[in-house]
Amino acid sequence: MASGQGRRRRRRAERAERERRTQETRTRVRLLIELTAHNGTYRKGLLAAAAGLSPQEATILADLEGHGLQVPQLHDVLCGGHVLVDDRELYDAWLFPEVSHHRLSSHHRDIDKSRYPDIGMRGQVVREKLHGRTAGGTWLQLEKTPAAFGSRRLPTLDDVRHLMDYVVYRVTRSNVGPWGLSRVTERRPMYLSPAVAVPTALSSAVSRSLAAELRRIETEDDTTSASADLAGRFPPPERADPSDELGGTLSGRAGRGLFGNSQVWITEAPLPPAARILSAAGNQPPGTRWIGAAR
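Asks: How do you make sense of the pairing of strand S4 (residues 127–133) when you look at a structure like this?
Replies: Every other side chain in a regular strand lies on the same face of the sheet, so the side chains alternate between the two faces. In terms of residue burial, S4 counts as a mostly covered element, since six of its seven residues are buried. Across five bridges, strand S3 (residues 118–123) lies against S4 in antiparallel orientation. Paired with Arg-122 across the two strands is Glu-128, which belongs to S4. A loop of three residues connects S3 with S4, the two strands running antiparallel in sequence.

Right, here's the structure in full:
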């Protein structure tokens, strides 16, 4: 009996925590929309629509922000800009069973649509959100008018309006989004979180020349950045090819530089604990005086 009550309390607590996080996300995204509405030109009704922002819409826009979207770029997203994100997991994360549906589109035809169908979703702010997979990630685009071509039924008024939006695109070379026009099209997309660290093969001649130049630079650093005595005492790490370290990065850091992978570790203890240990009885020579450290 008690265990059953405990499980119910945990479920209620977890549900309350999810609702709290959802509300925080919705509030944050609404603030972002209000900020961009002050500086950009939109069709009427954006702020009223933002007041009815759904949790799914908030999740999508928050994910874009988490992948580097800035407030000025939000203008193009809301106006139908074509967005590429180098994150494959977003394709599944933006599939909400309660509101998502399969859509047909002409975007990214190189992708197997039977395996990765394009996904639509309607909302107050996004109107018709459309996303799908790319070779290296996920793409997204907001449309002014939803369409459902290919569903074996007669065209609706929305389908006709969607064709009219396509005519506007052909004339203006701008996507027609829910709240305006955007020149950020599939041919000139917006990139978020681009995977720029792509391995590049070098020819043998270029690789040898690069390695020789890196060794020369390293040798000059040894003789100019320290005294000759210190340079002899602390030689650089031995590597078969110093160019192997180019482009290397560490988790959570922007980069480590050319020689950041050297086998060097630094360990240090905070001053107060070190002072307490060293000042303990028997740990200091007779006559030791402590200056600036509490005993």
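More follows now that the structure is in view.
Asks: I keep staring at the side chain of Ser-100 and nothing clicks. Help me out?
Replies: Mapping Ser-100 onto the fold places it in strand S2 (residues 100–103). Beyond its immediate sequence surroundings of up to four residues, Ser-100 is in contact with Trp-94, Leu-95, Ile-119 and Gly-120.

Asks: What's the story with a nonpolar patch on the surface in this structure? I'm lost.
Replies: A cluster of nonpolar side chains, namely Leu-157, Val-160 and Met-164, defines an oily patch on the protein surface of about 300 Å² accessible area. For Met-164, the location among the structural elements is in helix H6 (residues 157–172). With relative accessibility at 52%, the residue Met-164 sits in the exposed group.

Asks: What am I meant to see in the nonpolar core here?
Replies: Generally speaking, a soluble globular protein has its nonpolar side chains buried in company with each other. Membership of the largest hydrophobic core comes to 31 residues, with the highest contact counts inside it found for Ile-33, Leu-64, Leu-74, Val-77 and Leu-78. For this core, the elements supplying multiple residues, two or more each, are helix H1 (2–39), helix H2 (46–51), helix H3 (55–66), helix H4 (71–78), strand S1 (83–85), strand S5 (138–143) and strand S8 (190–192). When residues in this core are grouped by element, the largest group, four residues, is from H3. Setting aside chain neighbours within four positions, we find Leu-78 in contact with Thr-36, Tyr-42, Leu-46, Val-125, Leu-142, Gly-177, Pro-178 and Trp-179.

Asks: Looking at this model, I keep getting lost on a positive patch on the surface. Mind explaining?
Replies: A cluster of basic side chains, namely Arg-7, Arg-8, Arg-9, Arg-10, Arg-11, Arg-12, Arg-15 and Arg-18, defines a positive patch on the protein surface. Looking at the element boundaries, Arg-18 is found in helix H1.

Asks: Before we go on, may I ask you to explain unusual backbone geometry in this structure?
Replies: Outside of glycine, negative phi angles account for most residues, and trans bonds account for most peptide bonds. Located in the positive-phi region is His-108, a residue other than glycine, with phi close to 50 degrees. Phi angles above zero are rare outside glycine, and Arg-127 is one such case at about 55 degrees. Mapped onto the elements of the fold, Arg-127 is located in strand S4. According to the relative accessible area criterion, Arg-127 is partly exposed, its value standing at 31%.

Asks: So what exactly am I meant to see when it comes to H4 here?
Replies: It helps to recall that an α-helix has 3.6 residues per turn; residues three or four apart then point in one direction. All of the buried residues in H4 are Leu-74, Val-77 and Leu-78. Taken end-on, H4 shows its buried residues confined to a sector of 85 degrees, consistent with a single buried face. Within two residues after H4, Gly-80 carries a phi angle of roughly 95 degrees, on the positive side.

Asks: In this structure, what is going on with the environment of Met-190? I would like to understand it.
Replies: Counting through the fold element by element, Met-190 comes out in strand S8. As a C-alpha pair, Met-190 and Val-85 span 105 residues in sequence and 8.5 Å in three-dimensional space. Sequence-distant contacts of Met-190, defined by excluding residues within four places in its chain, comprise Leu-69, Gln-73, Asp-76, Val-77, His-82, Val-83, Leu-84 and Val-184.

Rules used throughout
Residues numbered from 1 in each chain as written. Predicted model: local features only at pLDDT ≥ 70, side-chain atom pairs only at ≥ 80, totals over all residues. Heavy atoms only, no water. Buried < 20%, exposed > 50% of the residue type's maximum accessible area, 1.4 Å probe, protein only. Helix = DSSP H or I, 4+ residues; strand = E, 2+ residues; numbered from the N terminus. Pairing = 2+ DSSP bridges. Contact = heavy atoms within 4.5 Å. Patch = residues over 30% accessible without salt bridge, like charges linked within 9 Å, V, L, I, M, F, W, Y side chains within 5 Å. Areas by Shrake-Rupley, 256 points an atom, 1.4 Å probe, with all protein chains shown as cover. Salt bridge = Lys/Arg side-chain N within 4 Å of Asp/Glu carboxyl O. Core = buried A, V, L, I, M, F, W, Y, C linked by side-chain atoms within 4.5 Å. Lys, Arg positive; Asp, Glu negative; His and termini not counted. Charge placed at Lys NZ, Arg CZ, Asp CG, Glu CD. Arc of directions from axis to C-beta.

So, to be careful, I would describe these as geometric facts and stop short of saying anything about function.
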